[in-house]
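Chains, contacts and geometry: an overview
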Amino acid sequence: MVTAFMEKTTENQAVQSNSQSHKEPILRVNNLEIFYGEKRAVNGISMDIEKKSITALIGPSGCGKSTFLRSINRMNDLIPGARAEGEIIYEDLNILSEQINVVALRKEIGMVFQKPNPFPKSIYENITHALKFAGIKKKSKLDEIVEESLKKAALWEEVKDRLHKSALSLSGGQQQRLCIARTIAMKPTVMLLDEPSSALDPISNAKVEDLIVDLKQEYSIIIVTHNMQQASRISDKTAFFLSGDIIEYDNTEKIFTNPAVKKTEEYISGRFG
Ligand SMILES: Nc1ncnc2c1ncn2[C@@H]1O[C@H](COP(=O)(O)OP(=O)(O)OP(=O)(O)O)[C@@H](O)[C@H]1O
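Residues numbered from 1 in each chain as written. Predicted model: local features only at pLDDT ≥ 70, side-chain atom pairs only at ≥ 80, totals over all residues.

1. Description of the overall build of the protein
Along the protein, the regular secondary structure elements total ten helices and ten strands. For 273 residues, the compact-globule estimate of 2.2 N^0.38 gives 19 Å, and the C-alpha radius of gyration of the protein, at 19 Å, lies within 12% of that figure. Here the C-alpha coordinates of the protein stretch approximately 55 × 45 × 35 Å along the principal axes. Counting the 273 residues in the protein, one finds 45% classified as buried. Once local pairs closer than 6 in sequence are excluded, the contacts in the protein between residues at least 24 apart make up 70%. (Helix = DSSP H or I, 4+ residues; strand = E, 2+ residues; numbered from the N terminus. Rg over C-alpha atoms; globule rule 2.2 N^0.38 Å. Buried ≥ 20, exposed ≤ 12 C-beta atoms within 10 Å, placed from the backbone. Contact = placed C-beta atoms within 7 Å.)

2. Considerations on the pairing of strand S10 (residues 245–251)
Of the strand pairs in this sheet, strand S9 (residues 237–242) and S10 are connected by six bridges, and their pairing is antiparallel. Bridging across to S10, Lys237 finds its partner in Asn251. Hairpin connection of S9 to S10: two residues between the antiparallel strands, including Ser243 at a positive phi of 45°. (Pairing = 2+ DSSP bridges.)

3. Quick word on the site of the ligand
Neighbouring the ligand are Tyr36, Ala41, Gly59, Ser61, Gly62, Cys63, Gly64, Lys65, Ser66, Thr67 and Ile79. Taken together, the residues of the shell around the ligand sort by class into four nonpolar, six polar and one charged. (Near = placed C-beta within 6 Å. Nonpolar A, V, L, I, M, F, W, Y, C, P; charged D, E, K, R; others polar.)

4. A look at the sheet that holds strand S7 (residues 190–194)
Read from one edge of the open sheet, six strands run S6-S7-S8-S3-S9-S10, paired in mixed fashion. Here the strands that pair on one side only, and so sit at the sheet edges, are strand S6 (109–112) and S10. Strand-to-strand twist across the sheet, computed as the mean angle between neighbouring axes with direction ignored, equals 15°. Sitting on the sheet, helix H1 (residues 65–72) is in contact with strand S3 (54–58), S6, S7, strand S8 (220–224) and S9, with an inclination near 150° to S8. The sheet contacts of helix H7 (residues 202–215) involve S3, S7 and S8, and relative to S8 the element is tilted by about 145°. (Axes fitted to C-alpha atoms, helices over the stretch in contact; angles between N-to-C directions.)

5. Side note on the pairing of strand S1 (residues 25–36)
Here S1 runs beside strand S2 (residues 39–50); their pairing, made up of nine bridges, is antiparallel. When the bridges of S2 are listed, Leu27 appears paired with Ile49. Linking S1 back to S2 in an antiparallel pair, the connection comprises two residues, with Gly37 at a positive phi of about 60°. Sheet topology places S1 next to strand S4 (residues 82–90); eight bridges connect them, and they run antiparallel. Residue pairing for S4: Val29 is matched across the bridge by Ile88.

6. Side note on helix H4 (residues 139–152)
For H4, which comprises 14 residues, the first-to-last C-alpha distance of 20 Å matches the rise-based estimate of 20 Å (1.5 Å per residue) to within 8%. Inspection of H4 places Val146, Ser149, Leu150 and Lys152 among the buried residues, and these make up the whole buried set. The buried residues of H4 all sit within an arc of 160° when viewed along its axis, so they share a single face. For H4, the exposed residues set more than 90 degrees away from the buried face come down to Ser140, Lys141 and Glu144. Of the surrounding secondary structure, the elements contacted by the buried residues of H4 are helix H3 (123–133), helix H5 (156–159) and helix H6 (172–185). (Expected span 1.5 Å × (residues − 1). Arc of directions from axis to C-beta.)

7. Things to note about the packing of H3 against H6
As a packed pair, H3 and H6 sit with axes 9 Å apart at the nearest point and diverge in direction by 30°. Of the possible angle classes, the one that applies to H3 and H6 is roughly parallel. Between H3 and H6 the crossing geometry is right-handed. The residues of H6 that touch H3, namely those facing Ile123, Asn126, Ile127 and Leu131, are Leu178, Ala181, Arg182 and Ala185. Of the residues in the contact of H3 with H6, the class split is six nonpolar, one polar and one charged. (Parallel < 35°, antiparallel > 145°, perpendicular 65-115°, else oblique. Left-handed = near helix turned anticlockwise from the far one by under 90°.)

8. As for the environment of Gln176
Residue position: Gln176 is located in helix H6. A tally of 30 C-beta atoms within 10 Å means that Gln176 is categorised as buried. Separated by 21 residues in sequence, Gln176 and Ser197 place their C-alpha atoms 7.9 Å apart.

9. Details of H7
The α-helix advances 3.6 residues per turn, and as a result positions three or four apart in sequence lie on the same side. For H7, with 14 residues, the first-to-last C-alpha span of 20 Å sits near the 20 Å given by 1.5 Å per residue. Residues Lys207, Val208, Glu209, Leu211, Ile212 and Leu215 constitute the buried set of H7. On its buried face, H7 is in contact with S3, H6, S7, S8 and helix H8 (228–234).

10. What about unusual backbone geometry?
Of note, Asn31 is a non-glycine position whose phi angle comes to about 45°, a positive value. Relative to the elements of secondary structure, Asn31 occurs in strand S1.

The structure is reproduced here in structure tokens:
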């Protein structure tokens, strides 16, 4: 558990989005600043992220969406010179605390990247690799998790007869669903998706979108997307980022039909970015 290695944080002061929230938050972001060396890429943002919802992060290139997303499971730790200040509260604990067990954190807060990145191993091994590392050795248990994860990722029917074939023999869309299955196998609570379907053809994109919508029954999902149609189709909440700030954060329907801020309207109608 992440919590075993964490200290309790101070009282949290996260803000709600503008519209009343009907679900409790899974994450509370308080005055989060992220720097690359001297350069500040995220300027003290605060937001609550709802449990079992899809939250879309939109905004022009370089506005800090991916930097924010990566901070949630401490992936920015891998970038020399990157540092974060403020709080991201998860289960009453600050993810940014030095005491955190980052490996345990990344099991609970999993990530899927833009380009499908399966290991050059079999479909089965792609899912069992991290499980074995985590100490699960029994074949029957591994078989069970493989089947369950592939079913949840809507890939089982397509691959059940070729589990021991190379993952690289799958199509791009299937590879991305395998990467999602690999994340599901670790039993996360939060899934971070960084433009997960932008490298895919339209049919694969539609399958991945359907899958993401299904997954919110069980997981809290945060997705970075450049595709406005995608954000409006699948997300419940949308945050519009610009130059490291959140300009507007609200119900997706509100953002796309009646945004409160002119800049949001200009961005979603394609006038810049
Ligand atoms: N590894 C890095 N080192 C230094 N600066 C970085 C690094 N990654 C991002 N930045 C800078 O931080 C700012 C935010 O970048 P980020 O990638 O988070 O934006 P983004 O909104 O996700 O953009 P895109 O939509 O193009 O992916 C940019 O000015 C970018 O140049």
